[in-house]
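# Chain and residue survey
Chain by chain, the residues:
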Amino acid sequence: MLNEFFPNVPKIQYEGPESDNPFAFKFYDPDKAVAGKPMKDHLRFSLAYWQAILSDGADPFGAGTMQRPWLSITDPMEQAKARMRAMFEAVEKLGMPFFCFHDRDIAPEGDTLRETNRNLDEIVSLIKEYMQHVNVKLLWGTACLFKHPRFAHGAGTSCNPDVFAYAAAEVKKAMEVTHELGGANYVFWGGREGYDTLLHTDMKIELDNMARLLHMAADYAKEIGFKGQLLIEPKPKEPTVHQYDYDVGNILSFLRGYGLDDRFKINVEQNHAILAGHSFQHEIRLARINNMLGSLDANQGDYLLGWDTDQFTTNLYEAIAVMYEVLHAGGLAPGGMNFDAKLRRQSFEPDDIFLSHIAAMDTYARGLEVADRIINDGTLDRFVEERYAGYRSGIGKEIVDGKADFKKLEDYIIDKADIQNRSGRREWLESLINRFI
Ligand code: XUL
Ligand code: CO
């Protein structure tokens, strides 16, 4: 086992809820069977390379605070290799089955795309080697189309065709690399695909071009034999004022409008959901009922703030709601739960990388067990079923079967003197959930 950057941290084991050991799981017991399969197969946890290894704690008001020896190496390629060792050590010690990365997380840019691709290739062959020894797979890869100044006006939605070409070529390479490493998915997050003002924006050509880029990507995936799932990650704002991939609803209509809905699914993130004015559960539910739930970026935002704080999930109620949706969806695979979450700048010691992931993994493990108990008990699902029972017989069934029209419905209701409604019993249902915790 790698033991270079975190010498004080052992391999994290399950010790149970009574354990006082901070470096142990209290609830995440990877091989424990829940709802017919091991916990680890429900949860499919993934470490987010950019957050766990690269984020340095800097914010718009101050410098980085994180103690990260691998980030102080000055030679860019040497640093990239050290980062990689830190990642594999963390992933192995956490027993995390997956990791995710952006192309630019793992290797530095050169002067041209050709040089950049060369750097990328060198690191990718190194990753391949590690993946033979460390039992970890790639959940998804993606291209960083937002950091470099060339993307100031966007990438696929840039007003400049040279930038569009660069974005296309970069995605092409990132897909090849993801494919080479056996990635289970490939993600598009439209980091600068949006606008700050409509004064200089041709919304029509920007949206059409975005769809063109995604069509090219889907075609290329087929061409190279990449069988992984293609995903789009919604976010309503930040960095631009209005991001085109606003939320699940927007993405659904975009994909359908441009004939892309059979090639893409959705990667839903908690913090992005709440920035859009939705709950995480709402976004997951909307994706699920449309058969578009692909994967989750498992983090949590601060409900008191209006930006993307990317915190580790410790909100048990929300984890229960998430796992309730995931169980009803029949699982996330080939997607998973990627910890797109970073440490607060006050939590700067290297060991905090482990404590934060343990906290979130335990939260979701508990969420899974509670959600499984709620579903097994059946009271909640039965309540919903009975609430809509009217649509399974009589006039309700005729509505559902498409056998009713305005005239028929008018005839049915026009002389009915009393319409009976029943209580929705929200408060009782909320207390029901509490009983299972
Ligand atoms: C940004 C975000 C990204 C994507 C991948 O808010 O969530 O890290 O998950 O590009
Ligand atoms: Co994300």
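First, a word on scope: everything that follows refers to the structure included in this document. The structure displayed is predicted, hence computed values, not measured ones.

What counts, and where the lines are drawn
- One numbering rule holds for all chains: residues counted from 1, following each sequence as written.
- As a convention, the first chain written is A and the first ligand written is 1, with the rest following in written order.
- Local features in a predicted model are, by the rule used here, given only for residues with pLDDT of at least 70; side-chain atom pairs are given and counted only at 80 or more, and totals for whole chains, interfaces and linings are based on all residues.
- Side-chain figures throughout are based on the complete set of non-hydrogen atoms in the structure, without hydrogens or water.
- Where helices and strands are cited, they refer to DSSP runs of H or I of at least four residues and of E of at least two residues respectively, numbered from the N terminus.
- Using C-alpha atoms as the atom set, the radius of gyration is obtained and then compared with a globule rule of 2.2 Å times the number of residues to the power 0.38.
- Residue burial is assigned from relative accessible area. The probe radius is 1.4 Å, only protein chains are included, and a residue is buried under 20% of its type maximum, exposed over 50%, and partly exposed in between.
- We call two residues in contact when some of their heavy atoms are within 4.5 Å.
- Any carboxyl oxygen of Asp or Glu that lies within 4 Å of a side-chain nitrogen of Lys or Arg is treated as forming a salt bridge with it.
- Whether a residue is near a molecule or strand depends on its heavy atoms: if one lies within 4 Å, it is near.
- Here a polar contact means two N or O atoms within 3.5 Å. Within protein one must be a hydrogen donor candidate and the other an acceptor candidate, and residues neighboring in sequence count only if both atoms are side-chain atoms.
- Surface accessibility follows the Shrake-Rupley procedure with a 1.4 Å probe radius. Residue values consider only the protein chains on display as shielding.
- A pair of strands is labelled paired if DSSP reports no fewer than 2 bridges between them.
- All axes here are fitted lines through C-alpha atoms, helices being fitted over the stretch that makes contact, and every angle between N-to-C directions spans 0 to 180 degrees.
- In a helix, the anticipated span is given by 1.5 Å times the number of residues less one.
- Only the six-membered ring of Trp is used, alongside the rings of Phe and Tyr, when aromatic pairs are assigned; centres must lie within 6.5 Å, and planes under 30 degrees apart are stacked while those over 60 apart are edge-to-face, with the rest tilted.
- Our definition puts a charge over a ring when NZ of Lys or CZ of Arg is within 6 Å of the ring centre and also within 35 degrees of the ring normal.
- Excluding water, the donors of a metal are its N, O and S neighbours within 2.8 Å, or within 3.2 Å for Na, K and Ca, and that exclusion means sites may look incomplete.
- Donor angles set the geometry label: tetrahedral for four donors if every angle is between 85 and 135 degrees, square planar for four and octahedral for six if opposite donors exceed 155 degrees and the others are between 65 and 115, irregular for anything else.

## A look at the overall build of the protein
Each helix and strand in the protein was counted, giving 16 helices and 14 strands. Over its C-alpha trace the protein gives a radius of gyration of 24 Å, about what one expects of a compact globule, namely 22 Å for 437 residues. Expressed as a percentage of its 437 residues, the buried residues of the protein come to 51%. Taking all contacts inside the protein whose residues are at least 6 apart in sequence as the whole, residues at least 24 apart take part in 75%.

## Brief notes about the pattern of salt bridges
Tallied over the entire structure, the rule returns 23 salt bridges. In this structure, the salt-bridge partner of Glu369 is Lys32, at a minimum N-O distance of 2.7 Å. You can see Glu369 sitting in helix H12 (residues 352-377) and its partner Lys32 sitting in the loop between strand S2 (24-25) and strand S3 (33-34), a full 337 residues away along the chain. Here Glu369 falls in the buried class, since its relative accessible area comes to 17%. Across the pair Arg150 and Glu109 runs a salt bridge whose closest N-O atoms are separated by 3.0 Å.

## Comments concerning the site of ligand 1
The full set of residues close to ligand 1 is Trp50, His102, Trp140, Trp189, Glu233, Lys235, Glu269, His272, Asp297, Asp308 and Asp340. Separating an oxygen atom of ligand 1 from a side-chain N or O atom of His272 is a distance of 3.0 Å. Contacts to ligand 1 include Asp297, whose side-chain N or O atom sits 2.9 Å from an oxygen atom. Protein contact buries 94% of the 290 Å² of open area that ligand 1 shows by itself.

## Here's the deal with the sheet that holds strand S8 (residues 185-189)
What the 8 strands build is a closed barrel, ordered S5-S6-S7-S8-S10-S12-S13-S14; its pairing is parallel. On average, each strand axis in the sheet is inclined to that of its neighbour by 30°, with strand direction left out of account. Examined bridge by bridge, strand S10 (residues 229-233) and strand S12 (residues 264-269) share 3 bridges and lie parallel to one another. Of the residues in S12, the one forming a bridge with Leu231 is Lys265.

## Observations regarding helix H3 (residues 76-94)
If you check H3, its first and last C-alpha atoms are 27 Å apart, about what 19 residues at 1.5 Å a residue would give, namely 27 Å. Of all the 19 residues making up H3, 16 are buried; the element is thus mostly covered by neighbouring parts of the structure. The first or second residue beyond H3 is Gly95, which carries a positive phi of 65°.

## Some words on the packing of aromatic side chains
Considering all chains together, one arrives at 18 aromatic pairs under this definition. Centre to centre, the rings of Phe6 and Trp70 are 5.6 Å apart; their planes meet at 65°, and the pair counts as edge-to-face. Of this pair, Phe6 sits in the segment before strand S1 (13-14) while Trp70 sits in the loop between helix H2 (49-54) and H3, and the two are 64 residues apart along the sequence. Each member of the pair, Phe6 as well as Trp70, carries the same accessibility label: buried. For the ring pair Phe312 and Phe339, a centre distance of 6.5 Å and an interplane angle of 40° mean the geometry is tilted. Of this pair, Phe312 sits in the loop between strand S13 (293-297) and helix H11 (316-329) while Phe339 is found in strand S14 (residues 337-339), placing the two residues 27 residues apart along the sequence. Here Phe312 and Phe339 have matching classes, each one buried. Following the ring pairs from residue to residue traces out a cluster consisting of Phe25, Tyr28, Phe45, Phe312 and Phe339. The lysine or arginine in question, Arg150, covers the ring of Tyr166, its NZ or CZ lying 3.8 Å from the ring centre. Over the aromatic face of Phe436 sits the side chain of Arg435, whose NZ or CZ is 6.0 Å from the ring centroid.

## Here's the deal with the coordination of the cobalt ion (ligand 2)
Taken together, Glu233 (OE), Glu269 (OE), Asp297 (OD) and Asp340 (OD) make up the full set of protein donors to the cobalt ion (ligand 2), lying 1.9 to 2.2 Å away. For the cobalt ion (ligand 2), the 6 donor atoms in the first shell make angles of 80 to 172° at the metal, so the coordination geometry reads as octahedral. In terms of primary sequence, the donors binding the cobalt ion (ligand 2) are separated according to E-x35-E-x27-D-x42-D. Highlighted residues: Glu233 in strand S10 and Asp297 in strand S13, separated in sequence by 64 residues. Each member of the pair, Glu233 as well as Asp297, is classed as buried.

Purely spatial values, then, with no claim about function.
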